[in-house]
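Okay, here's what each chain looks like letter by letter:
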Amino acid sequence: MKKILLSAVLVLMVATVCLAASVDGVWKGLVEGQYNLTVTLKADGAKLTGVFALVDNNPKSENPDEAGYTPFVAAQMGKNTITDGKIDGDNITFTTTFNGKPIVYKGTIADGKLVLTTTFGTTPVKLTLRQPATK
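Visitor: Just to check I follow, could you spell out unusual backbone geometry for this structure?
Guide: Outside of glycine, negative phi angles account for most residues, and trans bonds account for most peptide bonds. The backbone phi angle of Asp 84 is positive, close to 50°, even though this residue is not glycine. Within the secondary structure layout, Asp 84 lies in strand β4 (residues 79–88). Using a relative accessible area of 54% as the deciding quantity, one classes Asp 84 as exposed.

Visitor: How should the pairing of β4 be read in this particular structure?
Guide: Within a regular strand, side chains alternate between the sheet's two faces. Here β4 runs beside strand β5 (residues 91–98); their pairing, made up of four bridges, is antiparallel. From the neighbouring strand, Ile 87 faces β5, where its bridge partner is Ile 92. In this antiparallel pair of consecutive strands, β4 and β5, the connection spans two residues, and Gly 89 shows a positive phi of 65°.

Visitor: Explain the nonpolar core here, please?
Guide: Here is a general trend for soluble globular proteins: nonpolar side chains tend to be buried in one another's company. By size, the foremost hydrophobic cluster in this structure holds 22 residues, and its most contacted members are Leu 41 and Ile 92. If you list the elements that add at least two residues to this core, you get β1 (25–31), β2 (35–44), β3 (47–56), β4, β5, β6 (101–110), β7 (113–120) and β8 (123–130). Among the elements that line this core, the one with the most residues is β2, at four residues. If we skip the residues at most four places from it in the chain, Ile 92 touches Val 23, Leu 41, Leu 48, Lys 86, Ile 87, Tyr 105, Lys 106, Gly 107, Leu 114 and Leu 116.

Visitor: Sorry if this is basic, but what is going on with the environment of Thr 96 here?
Guide: Secondary-structure assignment places Thr 96 in strand β5. Taking the C-alpha atoms as reference points, Thr 96 and Thr 81, 15 residues apart in sequence, are found 6.5 Å from one another. In contact with Thr 96, not counting residues within four places along its chain, are Phe 52, Asn 80, Thr 81, Ile 82, Lys 101, Pro 102, Ile 103 and Tyr 105.

Visitor: What exactly am I supposed to notice about the pairing of β5 here?
Guide: Both β5 and β6 contribute to a ladder of eight bridges, which runs antiparallel. Bridging from a neighbouring strand, Phe 94 pairs with Tyr 105 of β6. The hairpin formed by β5 and β6 contains two residues between the paired strands, and Asn 99 there has a positive phi angle of roughly 55°.

Here is what the cut-offs are and how they apply
- Residues numbered from 1 in each chain as written.
- Predicted model: local features only at pLDDT ≥ 70, side-chain atom pairs only at ≥ 80, totals over all residues.
- Heavy atoms only, no water.
- Helix = DSSP H or I, 4+ residues; strand = E, 2+ residues; numbered from the N terminus.
- Buried < 20%, exposed > 50% of the residue type's maximum accessible area, 1.4 Å probe, protein only.
- Pairing = 2+ DSSP bridges.
- Core = buried A, V, L, I, M, F, W, Y, C linked by side-chain atoms within 4.5 Å.
- Contact = heavy atoms within 4.5 Å.

Right under this line is the structure:
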């Protein structure tokens, strides 16, 4: 009886790992209607690595207006390596840096979306990313 129960538990564990959504690949989204966010992730067991890239697509970036508008966030953020990445089923965590300070992201993968949350200063931020359709 113990062998049957142990076998059933092992089968359930393997099925859970197999059914977990894949985090591997490129995830894209738009932040504040202005910044293109691309997150490239690669899982190796429970370890998560990748690149976090924020690019400004506003033409004012290169030519600040009279008020001095510049998209400093994108200019300073740019492309960063993901560190301390961990994956647990459909849940992920990783760290990037901004102005030399760590920014911790937590996320979940469900229904074809990667939803990331973080706190920037004292402001909570939620980002929804999708994998582009492959041809």
